[in-house]
Amino acid sequence: MLSVQPSIDARLSAIAPGFRALSIYVDAAPLVNPQVGETVLASACECVATGGPVWADAHLAAWDEVFKRFGAKPKRTPCSAQALRKRVQRDGVVPAIDPVVDLYNAISLRYAIPVGGENIAAYHGAPRLTLADGTELFDMMKEGELAHESPEPGEVIWRDDTGVTCRRWNWRQGVRTRLSAADSQMWFILESLPEMPLDALCEAGDELIAGLQRMMPGCRVEKNRLGFDL
């Protein structure tokens, strides 16, 4: 079984001193119950409509402040959890995309936490959270075509040996490592700040794993905690 060893640049402790995360690697099994993702996504949208966890607003506001510290403008480029939540508050739902993507979006909505899902087999080297120097390449779709851009110097990014896999911490994922239920090696990262209780972070990870195990019985899972508040 592959072991994923993500790393965090120590310089980020000044930007988000209480940052902690769960890293979950999954060796996938055949997809038996794909409906799990859409079902839990619909339930999570209902949870948002009724207000969600009591600490949701404080946690997402804390992410806004973290984004501002490295020069991002959260009203224009919010953290992924904020963007999803606002979409549900506006439209009532988030449409189903893919069973696994639906599942991790559901966890993000239910727990007001940024959740990334990656095809780790497409990575070159280990994932690392760091500050961009501005020369890295990020792949994206623009007007239906694959295009590349570079992050701003000092921007917080996830990257591998080839380039950026997610810009502005957790705002936008790249194309190369995009995850789907067809992938055999999956990596998830659940990112939190102190405004979210630590036991809620652990619960969110357990719920993601439980959903994956219902969806693909027999999948193998490796879970680790990382960050500055262990």
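Keep in mind that what you see is a predicted model, and the values were worked out from it rather than measured.

1. With respect to the side chain of Glu-136
Part 1 of the reasoning: The residue Glu-136 is located in the loop between β4 (128–131) and β5 (138–142) in this model.
Part 2 of the reasoning: Given a relative accessible area of 7%, Glu-136 falls into the buried group.
Part 3 of the reasoning: One polar contact links the side chain of Glu-136 to the main-chain amide nitrogen of Asp-133, over a distance of 2.9 Å.
Part 4 of the reasoning: Of note is the side chain of Glu-136, whose polar atom sits 3.0 Å from the backbone nitrogen of Gly-134.
Part 5 of the reasoning: Apart from residues no more than four positions distant in its own chain, Glu-136 is found in contact with Leu-131, Glu-149, Ser-150, Pro-151, Ile-157, Arg-159 and Val-164.

2. Section: the UniProt feature "domain: B3/B4 tRNA-binding" (unreviewed entry) in the chain
Part 1 of the reasoning: Feature annotation in UniProt assigns "domain: B3/B4 tRNA-binding" (unreviewed entry) to the following positions: residues 61–217.
Part 2 of the reasoning: Segment residues 61–217 splits into 33% helix and 24% strand. End C-alpha atoms: 37 Å apart.

3. Describing the pattern of salt bridges
Part 1 of the reasoning: Under the definition given, this model contains 12 salt bridges.
Part 2 of the reasoning: The salt bridge partner of Arg-167 is Glu-149, with a shortest N-O separation of 2.6 Å. Placement of the pair is Arg-167 in strand β8 (residues 164–167) and Glu-149 in strand β6 (residues 145–149), with a sequence separation of 18 residues.
Part 3 of the reasoning: For Glu-149, a relative accessible area of 24% puts it in the partly exposed group.
Part 4 of the reasoning: Between Glu-155 and Arg-167 there is a salt bridge; the shortest N-O distance is 2.7 Å. Of the two residues, Glu-155 is situated in the loop between β6 and β7 (156–159) and Arg-167 in strand β8; the sequence distance between them amounts to 12 residues.
Part 5 of the reasoning: Glu-155 sits in the buried class, given a relative accessible area of 2%.
Part 6 of the reasoning: Exposure remark for Arg-167: the relative accessible area of 5% places this residue in the buried category.
Part 7 of the reasoning: Through salt bridges that share partners, Glu-149, Glu-155 and Arg-167 make up one connected network.

Conventions and cut-offs
- Residues numbered from 1 in each chain as written.
- Predicted model: local features only at pLDDT ≥ 70, side-chain atom pairs only at ≥ 80, totals over all residues.
- Heavy atoms only, no water.
- Helix = DSSP H or I, 4+ residues; strand = E, 2+ residues; numbered from the N terminus.
- Buried < 20%, exposed > 50% of the residue type's maximum accessible area, 1.4 Å probe, protein only.
- Polar contact = N/O pair within 3.5 Å; in protein donor to acceptor, adjacent residues only side chain to side chain.
- Contact = heavy atoms within 4.5 Å.
- UniProt positions renumbered as here; feature names shortened; annotations may be inferred.
- Salt bridge = Lys/Arg side-chain N within 4 Å of Asp/Glu carboxyl O.

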